[in-house]
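Inside the fold
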Amino acid sequence: RIAVAAGIGAGIGAIFKAPLGGALLAAEILYIHDLEVEALIPGLIASIVGYSVFGAFFGYDPIFGAIQAVFNQPIQLVYYAILGVICGLVGILYAKSFYGTHEIFRRIRLPRWFKPALGGLLVGLMGLAMPQCLHMGYGWVQLAMDSEASRLPLWIILALPFVKILSTSLSISSGGSGGIFGPGMVIGGMLGASFWRLFADILPGMPSNPAPFVIIGMIGMFGGIAHAPLAVMLMVAEMTGNLSLLAPAMIVVAISTAIVGDNTIYKSQLPDRASSPAHRVRMSFPLLSSLLVRDAISPCTTLSGNLPINAAKPYFVRDPASVIVFLNETGNFGGVATARQLNKIRPEKTGLTPISSLDDKEAVILNPEEPMDTALEQLTTRGLSWAPVVESGRLLGKLTVKDAIATYRHTLERSIRRTTELPGNIAVFEAKLNPSSPVVGKLLREAHFPADTLVVSIVRQGNTIFPHADTRLEPGDIIVVMADPTSETALHTFLGNTSISSR
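Residues numbered from 1 in each chain as written. Predicted model: local features only at pLDDT ≥ 70, side-chain atom pairs only at ≥ 80, totals over all residues. Heavy atoms only, no water.

Next up on the list: the environment of Glu 474. Here Glu 474 is to be found in the loop between β8 (463-465) and β9 (478-483). For the pair Glu 474 and Leu 443, spaced 31 residues apart in sequence, the C-alpha to C-alpha distance is 9.5 Å. Those residues in contact with Glu 474 that sit more than four places away from it in its chain are Leu 433, Val 440 and Arg 460. (Helix = DSSP H or I, 4+ residues; strand = E, 2+ residues; numbered from the N terminus. Contact = heavy atoms within 4.5 Å.)

Looking now at unusual backbone geometry. In this structure, Ser 392 takes a positive phi of about 55° despite not being glycine. Mapped onto the elements, Ser 392 comes out in the loop between β4 (386-391) and β5 (394-400). One non-glycine residue, His 448, lies in positive phi territory at about 55°.

Before going further, it helps to spend a moment on the sheet that holds strand β3 (residues 333-338). Strand order in the open sheet made by the three strands is β1-β2-β3, with mixed pairing throughout. Two strands lie at the open edges of the sheet, namely β1 (302-304) and β3, each paired on one side alone. Strand-to-strand, the axes of this sheet are offset by a mean angle of 40°, without reference to chain direction. Pairing between β1 and strand β2 (residues 323-327): three bridges, direction parallel. Counted as the bridge partner of Thr 302 is Val 325 from β2. (Pairing = 2+ DSSP bridges. Axes fitted to C-alpha atoms, helices over the stretch in contact; angles between N-to-C directions.)

Before going further, it helps to examine the nonpolar core. One finds Met 145, Met 185 and Ile 265 to be the most contacted residues of the largest nonpolar core, which totals 70 residues. In contact with Ile 265, other than residues within four places in its own chain, are Tyr 94, Ala 95, Phe 98, Tyr 99, Ile 180, Phe 222, Ile 225 and Ala 226. One finds Ala 431, Val 455, Ile 479 and Ala 483 within the second-largest nonpolar core, a separate group that totals 17 residues. (Core = buried A, V, L, I, M, F, W, Y, C linked by side-chain atoms within 4.5 Å. Buried < 20%, exposed > 50% of the residue type's maximum accessible area, 1.4 Å probe, protein only.)

Empty space among the atoms becomes visible once a probe the size of a water molecule is rolled across them. Following the criterion strictly, the structure yields one cavity of 30 Å³ or more and no others. Reported here for the largest cavity is a volume of approximately 50 Å³. Every residue along the wall of the largest cavity is listed here: Ile 215, Ile 216, Ile 219, Met 233, Ala 237, Asn 242, Leu 245, Leu 246 and Ala 249. When contributions to the lining of the largest cavity are tallied by element, the ones reaching two or more residues are α9 (211-225), α10 (229-240) and α11 (246-260). With three residues, the single largest contributor to the lining of the largest cavity is α9. Each residue belonging to the lining of the largest cavity can be placed in one class, and the counts come to eight nonpolar, one polar and no charged. (1 Å grid on protein atoms, 1.4 Å probe; cavity = no way out; pocket = protein on both sides within 12 Å on 5 of 7 lines; lining within 4 Å. Points joined across faces, edges and corners; volume = space filled by probe spheres on them. Nonpolar A, V, L, I, M, F, W, Y, C, P; charged D, E, K, R; others polar.)

Moving on, we come to the confidence of the model for the chain. Chain-level statistics for the chain give a pLDDT mean of 83 and a share of 89% at 70 or above. Confidence scores differ between elements of the chain, with helix α12 (residues 280-284) showing the lowest mean pLDDT of 57 and helix α3 (residues 40-58) the highest of 93. This model gives residues 415-420 a pLDDT under 50, and the stretch forms two contacts once residues within four places in sequence are excluded. (pLDDT = per-residue confidence, 0-100.)

Right, let's talk about the packing of aromatic side chains for a bit. Per the stated rule, a full pass over the model turns up 11 aromatic pairs. With a centroid separation of 5.0 Å and an interplanar angle of 85°, the aromatic rings of Phe 181 and Phe 222 are classed as edge-to-face. Of this pair, Phe 181 sits in helix α8 (residues 181-199) while Phe 222 is found in helix α9, placing the two residues 41 residues apart along the sequence. The same class applies to Phe 181 as to Phe 222, namely buried. (Phe/Tyr/Trp six-rings, centres within 6.5 Å; stacked < 30°, edge-to-face > 60°.)

What follows deals with a nonpolar patch on the surface. On the surface, a nonpolar cluster with roughly 910 Å² of combined accessible area is contributed by Leu 20, Ile 41, Leu 44, Ile 45, Ile 48, Val 49, Val 53, Phe 57 and Phe 58. For the nonpolar patch, the element with the highest residue contribution is α3, accounting for eight residues. Note that Ile 48 resides in helix α3. (Patch = residues over 30% accessible without salt bridge, like charges linked within 9 Å, V, L, I, M, F, W, Y side chains within 5 Å. Areas by Shrake-Rupley, 256 points an atom, 1.4 Å probe, with all protein chains shown as cover. Salt bridge = Lys/Arg side-chain N within 4 Å of Asp/Glu carboxyl O.)

With that settled, the discussion passes to the pairing of β4. By the criterion of burial, β4 is predominantly enclosed, with five of the six residues buried. Bridging between β4 and β5 involves six bridges; their strand directions are antiparallel. Bridge pairing in β5 links Val 390 to Leu 395.

As for its placement among the helices and strands, Ala 249 is situated in helix α11. In the structure, Ala 249 is positioned 33 residues away from Ile 216 in sequence and 5.5 Å away in space, judged by C-alpha atoms.

This is the structure:
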């Protein structure tokens with residue numbers, strides 16, 4: 001998993017000569033609202049190595065050359081904000097058009113081999129009318145950055161972003177080969193060029209050449225719809241050899257990303273790490289990461305490794321996850337016999353063959369010092385209900401999913417009881433919020449609880465919530481507050497004469 005992310009960073013960082021942006025893209029592109037932080041360091045290393053090797057053959061100059069563009073007029077931030085809105089809306093159009101075209105081709109009842117030919121025909125006809133929509137399009141971006149851009153026909157600059165969306169959608173959605181990153185950058189760049197051409201002679205404080213708007217258009221459009229604002233900002237800075245436009249770029253990409261919302265050009269993007277199979281257990285049960293397998297070990301039934309397979313057959317449950325733990329001649333852990341291995345033995349040979357021959361080298365064997373969330377992830381991924389726990393060749397028992405969850409709940413309850421055993425200068429209060437309470441409807445950070453008070457939990461409709469700054473307080477919430485014992489009266493007044501009880 002980490003190697004795949006590092007490979008993304010290495011490939012993007014090399015081919016676009018943007019190692020830092022490529023490494024960050026590898027961590028950022030996987031989620032809509034999150035980062036794969038574990039991939040950052042491997043991505044950085046892989047990206048700089050890939051960039052160094054690629055550059056040794058093709059040079060280290062920025063892919064667009066060194067662009068002279070500066071930000072020196074604060075009024076331009078207003079213009080960039082407007083560009084951010086445009087980039088966000090066109091980004092949504094890009095995603096909708098791309099997947100809409102894909103759906104149309106999916107429904108067309110034609111041979112699969114014919115669909116790319118049909119898409120190619122349509123793109124070719126578009127190219128006859130407007131050749132600028134063909135190929136990757138970076139050449140037009142370079143022309144748009146130049147002061148000679150004013151000589152390009154206005155209709156081409158205005159139409160190219162939308163024609164490029166259509167040609168890209170037809171090329172790839174029909175089954176052809178290609179990417180959406182490069183065209184996305186071209187679409188954004190031409191949006192910036194269009195904005196500059198339309199308003200350069202009208203708005204005060206506009207730059208004398210379109211390069212700043214072209215560069216920031218690339219950032220705003222693709223950074224927003226790909227949900228990789230930080231990575232794309234850095235990549236464009238590296239691709240153009242210019243860091244002076246980061247301030248307006250931040251405005252554009254922030255507005256574009258906000259407008260895009262949950263729309264994305266990458267349908268495989270997950271909302272966050274909690275939605276990822278690699279992190280689901282840990283994110284769903286955060287306390288599990290602080291528990292160890294040792295905390296939930298239960299006794300494990302074992303057999304002698306010398307026992308014939310025929311005698312052991314009654315212990316097997318006929319499903320792929322069946323396992324038997326057997327001991328060696330010294331009484332220590334010998335291995336795990338599985339039904340999968342049993343199926344590989346001929347029936348006539350099961351009479352004398354010992355179960356030790358069914359040892360499955362790929363079976364899950366847990367260490368007692370392993371974090372509980374990691375152990376549960378291994379069990380759920382393999383579809384197992386339990387696995388043996390072994391330390392230094394000695395069988396300690398087994399961990400079952402049932403015991404792991406029971407230990408989690410017990411630890412959680414025990415931790416809550418411990419809060420009652422507090423020093424005399426600390427008390428825990430419980431209060432139920434009335435609909436008329438002044439804090440109802442506010443985020444926790446907006447409620448401004450009195451000094452020296454801490455909201456430690458909220459019980460809402462029978463469920464316990466461990467709040468954060470953006471938790472919104474609702475009528476009927478039972479809040480648990482840790483505070484000085486003398487704060488009860490002030491807390492009572494602050495919450496709007498809500499009844500308070502001490503715990």
